[in-house]
Structures are given as structure tokens and as C-alpha cells.
Amino acid sequence: MATVLDSIQRATTSQPDRLVDGHGRAITDLRISVTDRCNYKCVYCRTGNEGAVYAELPIGDYLRMARVFVSLGIEKVRLTGGEPLLRRGLMDLIRELSRLRTLDGQPLDLALTTNGHLLEEMAQGLRDAGLGRITVSMDAVEAEKFARITRVPGSYERVLAGIRAAKAAGLAPVKVNCVLLRGFNEDQIAAFAEFSRSEGVIVRFIEFMPLEEGRLWTRDSVVSLREIVEALGGFRPLVRMAPNAASETAVRYTFDDGVGEIGIIAPVTQAFCGQCSRVRLTSDGKIRTCLFSQSDHDLYGVMERGGSDDDLVEFIRRTIEKKEARHHIGEPGFLKPSRSMVHIGG
Ligand code: SAM
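What counts, and at which threshold
Residues numbered from 1 in each chain as written. Predicted model: local features only at pLDDT ≥ 70, side-chain atom pairs only at ≥ 80, totals over all residues. Heavy atoms only, no water. Salt bridge = Lys/Arg side-chain N within 4 Å of Asp/Glu carboxyl O. Helix = DSSP H or I, 4+ residues; strand = E, 2+ residues; numbered from the N terminus. Buried < 20%, exposed > 50% of the residue type's maximum accessible area, 1.4 Å probe, protein only. Contact = heavy atoms within 4.5 Å. Core = buried A, V, L, I, M, F, W, Y, C linked by side-chain atoms within 4.5 Å. Expected span 1.5 Å × (residues − 1). Arc of directions from axis to C-beta. Near = heavy atom within 4 Å. Polar contact = N/O pair within 3.5 Å; in protein donor to acceptor, adjacent residues only side chain to side chain. Areas by Shrake-Rupley, 256 points an atom, 1.4 Å probe, with all protein chains shown as cover. Nonpolar A, V, L, I, M, F, W, Y, C, P; charged D, E, K, R; others polar. Pairing = 2+ DSSP bridges. Right-handed = clockwise from strand over helix to strand, strands pointing away. 1 Å grid on protein atoms, 1.4 Å probe; cavity = no way out; pocket = protein on both sides within 12 Å on 5 of 7 lines; lining within 4 Å. Points joined across faces, edges and corners; volume = space filled by probe spheres on them. Phe/Tyr/Trp six-rings, centres within 6.5 Å; stacked < 30°, edge-to-face > 60°.

(A) Local environment of the pattern of salt bridges. Considering all chains together, one arrives at 26 salt bridges under this definition. Between Arg95 and Asp92 there is a salt bridge, with the nearest N and O atoms lying 2.9 Å from each other. Within this pair, Arg95 and its partner Asp92 are both found in helix α3 (residues 90-97), separated by three residues, close to a single helical turn. When its relative accessible area of 34% is taken as the criterion, Arg95 is described as partly exposed. Each of Asp284, Lys286, Arg288, Asp296 and Arg339 takes part in one network of salt bridges that share partners.

Have a look at this one:
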């Protein structure tokens, strides 16, 4: 009896603590960039001339911030960068994060996004440290094309080995994210469908957003969800799948024989801002409430000035309250965000 009463009390008393933004959206998903260094120079992401721009914090500082966020209702944490596998202390961070519990007493949904270059050696260690699942970025399934995109020779073989090692280590489901650009890699759509089927991974196509270091993006460069569906349908009949959750960003498909899974994430042609549940923390400890924000909110500054956890809570609440209603990609007067993707954390 006591346990039932306890859990009712916990549910009712913890409810007001959960983060909700000024538009009524529950914020449950935190992305932490642990470095803005990267060992790839993907041509649509980086100019190739710039290196890291922002500082990295000690691992314990990310952990403290994450703890405070989790006390406010965060349930999913994704580690990213830059390239997170380059970050010293990553395993310790994962180990500690895996010990945290949500307001409902559950383990966090703990994930990581990587370019996969170092994954073959690290996959088992990541799993043992407590990582739940992994997303690997891969923009072509042809070795030469892939190396031209990453500007790193031999990268395709390494990433493929990384994906296989992640599967073997039980980092499931392994998702493979592919950003499509017109005239560049949209010829890879059917090959990725085959890849999903043969490798047993979920492939997700992502519409290109104006988040690059240089100035590549045009409306025309975006390969839209509609075009991707058409190309996939030409490969094999597609079957739409139900969303996993209300805040799901991907439109999901399988094929007529049920083999393979494809997600399409269409922030440009079918924006999902109304269901956004995300907040981001940059490697230097700034909160970003939207990928397209024009400014950051200096959470680390509060810590540096000796702020207590209550001060952090107060700062986070005030910041989340002002989260943008939506992005304005492609609209007249659109302003590029104050940081590019590699320096935010995708
Ligand atoms: N290094 C890790 C990786 O490669 O996955 C994590 C950081 S990377 C910036 C995160 C993701 O952002 C990658 O999947 C990358 O393809 C994607 N990305 C980068 N620039 C993008 C853009 N302009 N539009 C959409 N996605 C982008």
C-alpha cells in the first residue's frame, strides 16, 4: 500500500517540476556537445579551414548540468559534437549518466551521434559504460564518394566496420543518418535502402538545413521528403509505419516485405517545431533553445560565478520559457543562426 501511495505522491508532486516552454511544449530531450573538434571535414558541414572554435568543459561540469536538467524532467540525453568519440573522459561521462534516473525512476534513454571513424575500437566500451544506442552519420555507401565528402581517405571502410561493431556490441537500434544534397549524393537513396536491408540498420534521410560553416545552402539544394519517398518507391513498394512517439521527428517507412526501415526527417519541407521537445548544451556550456537561435544562454557562466543547483534550475527555467516557437528556414529575412552545426552539436 505504501508503495502505491508513494508513487501517486511522487507523480503528483513531481509534475510541476517538469520543464515546459512558453508555448506549452514539454522539454524532455537534452543534447550535449562534448567538443566542437571533429576528425572529418564533411564538405556540406565545414569549410575545411576552421578548427575548434569553442572551449570544452571538464566532464564533471557536463554531468552536473545534466543532473540538474534530469531533475527537471529530461528523459533522453544524446551526446554529440563535433565528434564526441574524440573527447577524453567520454566513457566516464556515459558511466555516470547511465546511473541517473528520470523523475519516474527510469534510466535515461542514453544515445550518442558519431561519424563512426573510431567506433570499431570503442563500441564495446561504450556499451559496457552504459550507452543505450547509437546513430552513425554516413552520407554515401560508395567508398570513393564517401571519402570525397568526409575528405578523409579510407573513411568508408572504417565507418562500415564501426557500424558492424556497434551492432555486435548491442548498441541497438543502430541508426545511420544521411544528409542529402542535390547534385551531390541524392543518387545514393536506393543504395541506402539496400544498405538498411542488408546491414539491419535504420537509415534516416535528413533534409539539408542552412547550418553549414560556409554558404552552400539554397532552397534548391534540399532534396525534399516528397522526392525521397518517390525515389524509394521506385526501388521497392513502401509501407508507412506508425510513429514511435508523439515527438518523433522521422516519418517512418518499411518495404512491402517488411525488411529494412527508413526514416525521413524533413525540417525544411515538413517542419516539426510544434512537437519539439529538445534543448541543446554546447561544448562551452551554453544552452541553445533552437538550432536556429540567434544567441546562446550562458549556463556555465552561472556555475563559474559559484551558482548553486537552485540557481541553475532558475536559469534553465527562464531560458526554456523563451524557447522559439519555430524556425524560419527559407522565409524572407531568414537569418543564419549564430553557430553552425559542428559548433552546436547535431
Ligand atoms: N560528428 C558527429 C557526426 O558526424 O554525427 C556528430 C556531430 S554532426 C554535426 C551531427 C549530424 O549533423 C551529422 O549527421 C551531420 O550529417 C548533420 N549535419 C551537419 N550539417 C548539417 C546540415 N547543414 N543540415 C542537416 N544536417 C547536418
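(B) The side chain of Thr102, seen in detail. Take Thr102: it is sitting in the loop between α3 and β3 (109-114). According to the relative accessible area criterion, Thr102 is buried, its value standing at 8%. Thr102 has contacts with Val70, Ile74, Glu75, Pro107 and Leu108, leaving out every residue within four places of it along the chain.

(C) Representation of the nonpolar core. Judged by nonpolar contacts, the single largest core of 103 residues is most densely connected at Phe69, Leu79, Leu126, Ile134, Met138, Phe195 and Phe205. The element contributing the most residues to this core is helix α2 (residues 59-70), with eight residues. Filtering out sequence-adjacent residues up to four positions away, Leu126 remains in contact with Leu85, Leu90, Met91, Ile94, Leu119, Leu131, Ile134 and Leu171.

(D) Here's a closer look at helix α10 (residues 309-321). Over its 13 residues, α10 extends 18 Å from the first C-alpha to the last, a length consistent with the 18 Å expected when each residue adds 1.5 Å. Of the residues making up α10, those classed as buried are Leu312, Val313, Phe315, Ile316, Thr319 and Ile320. Around the axis of α10, the buried residues are gathered within 165 degrees of arc, so they sit on the same side. Against α2, β10 (278-281), β11 (286-288), β12 (297-298) and α9 (299-304) lie the buried residues of α10.

(E) Examining the site of the ligand more closely. Contacts to the ligand come from 17 residues, most closely from Tyr44, Gly82, Glu83, Ser137 and Met209. In this structure, a nitrogen atom belonging to the ligand sits 3.0 Å away from a side-chain N or O atom of Glu83. For the ligand, whose unbound accessible area comes to 550 Å², protein coverage reaches 94%. By residue class, the composition of the shell around the ligand is seven nonpolar, eight polar and two charged.

(F) Fine view of unusual backbone geometry. A cis amide bond links Ala172 with the next residue in sequence, Pro173, at an omega value of -5 degrees. Along the polypeptide, Pro173 turns up in the loop between α6 (155-169) and β5 (174-180). Non-glycine residue Arg151 carries a positive phi angle of around 60 degrees. Within the secondary structure, Arg151 sits in the loop between α5 (143-150) and α6.

(G) Representation of the sheet that holds β5. The strand order across the open sheet formed by 12 strands is β7-β8-β9-β6-β5-β4-β3-β2-β1-β10-β11-β12, and the pairing between neighbours is mixed. Either end of the sheet is taken by a strand with one partner, and the two such strands are β7 (238-240) and β12. The pairing of β7 with strand β8 (residues 250-255) spans three bridges and is antiparallel. In the sheet register, Val239 faces β8, and the bridge partner there is Thr254.

(H) Focus on the pairing of strand β6 (residues 202-207). Most of β6 is tucked away, with six of its six residues classed as buried. The parallel pair β5 and β6, bridged by helix α7 (residues 189-199), forms a crossover whose chirality is right-handed. Pairing analysis gives five bridges linking β6 to strand β9 (residues 261-265), with the strands arranged parallel. The residue of β9 that forms the bridge with Ile206 is Ile265.

(I) Looking closely at the layout of surface pockets. Estimated volume of the second largest pocket: approximately 210 Å³. No other element matches the three residues that β8 contributes to the lining of the second largest pocket. Broken down by class, the residue content of the lining of the second largest pocket amounts to 11 nonpolar, three polar and three charged.

(J) The packing of aromatic side chains, seen in detail. Tallied over the full model, the rule gives six aromatic pairs. Relative to Phe195, the ring of Phe192 has its centre 6.3 Å away and its plane inclined at 80 degrees; by these criteria the two rings are edge-to-face. Of this pair, Phe192 and Phe195 both sit in helix α7, three residues apart, which is roughly one turn of that helix. Take Phe192 and Phe195: they sit in the same class, and that class is buried. An angle of 65 degrees between the planes, with centres 5.8 Å apart, marks the rings of Phe292 and Phe334 as edge-to-face. With a gap of 42 residues between them, Phe292 in the loop between β11 and β12 and Phe334 in the loop between α10 and α11 (341-344) connect regions that are remote in the sequence.

Purely geometric numbers; function is a separate question.
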